[in-house]
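Working through the structure, step by step
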Amino acid sequence: MRIITGSARGCNLKTPKGMNTRPTSDRVKESLFSILGREVVGKRILDIFAGTGSLGLEALSRGAEHACLVDKATADILKYNAEHTHLADRTEIYKGDVFAIMQRLSTQGKEFDVVFCDPPYHLGLWERALLWLDSSDILADDALIIAEMGGDENDIPELSHMRLLRNQKYGKTTQIYIFEYKKAGVDK
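Attention here is on the structure that accompanies the text.

Analysis parameters
- Residues numbered from 1 in each chain as written.
- Predicted model: local features only at pLDDT ≥ 70, side-chain atom pairs only at ≥ 80, totals over all residues.
- Heavy atoms only, no water.
- Axes fitted to C-alpha atoms, helices over the stretch in contact; angles between N-to-C directions.
- Helix = DSSP H or I, 4+ residues; strand = E, 2+ residues; numbered from the N terminus.
- Parallel < 35°, antiparallel > 145°, perpendicular 65-115°, else oblique.
- Left-handed = near helix turned anticlockwise from the far one by under 90°.
- Contact = heavy atoms within 4.5 Å.
- Core = buried A, V, L, I, M, F, W, Y, C linked by side-chain atoms within 4.5 Å.
- Buried < 20%, exposed > 50% of the residue type's maximum accessible area, 1.4 Å probe, protein only.

Digging into the packing of helix α4 (residues 98-107) against helix α5 (residues 125-134)
The interhelical angle for the contact between α4 and α5, taken along N-to-C directions, is 15 degrees, at an axis separation of 11 Å. By the angle between their axes, α4 is roughly parallel relative to α5. For the pair α4 and α5, the sense of crossing is right-handed. From α4, Phe-99, Met-102, Gln-103 and Ser-106 reach across to α5, where they touch Leu-125, Arg-128, Ala-129, Trp-132 and Leu-133.

Some words on the nonpolar core
Membership of the largest hydrophobic core comes to 31 residues, with the highest contact counts inside it found for Leu-46 and Ile-48. Mapped onto this core, the elements with two or more residues apiece are β1 (44-48), β2 (66-71), α4, β4 (112-117), α5, β5 (139-150) and β7 (174-181). Here this core takes six residues from α5, the largest share from any one element. Once residues lying within four places of it in the same chain are set aside, the contact partners of Leu-46 are Cys-68, Val-70, Met-102, Leu-105, Phe-112, Val-114, Val-115, Phe-116 and Ile-138. Judged by nonpolar contacts, the second largest core, of 28 residues, contains Phe-33, Val-40, Ile-176 and Ile-178.

Concerning the environment of Val-28
Residue position: Val-28 is located in helix α1 (residues 26-36). By relative accessible area, Val-28 is classed as buried at 4%. Discounting residues that sit within four places of it in the chain, Val-28 has contacts with Tyr-170, Thr-174 and Ile-176.

Written out as structure tokens, the structure reads:
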């Protein structure tokens, strides 16, 4: 697990011991950032269920302005990886329940341009996160939401402010949905 390109190119990331965390593979991450292109440059990033921080830190390495990394179990690893990649000065790390922290960030008036949502598969967390984000004021207009889930998880919840831009499958185990958020809502 490493940063692929940008200012922290080649930096290896510390990963949690055991099998409870499933980091996004370099192949999937490289493909995702190829799709996003320069969409992260100068943007405010929210990386929920961040794990190693691989997605948020990759975005920072590629020119994002700032990133909030949120995970209830890996704050020490997130801090280490942010410092190791020399990206800590543009990173905020939050330890705790993702939904409670997103609510706190919303109450503080924070707004994000890109959200990475990569929770454990098959627990309904990506759907719950999309519904929460869809009804919140934490997203900037035209924000991108990138949700990673299992290859067999296909039930997109009913969303009022997000439209699906792209669905990319990676083998049988992983797929990524990319949504765009509109404050005024989307036409059905």
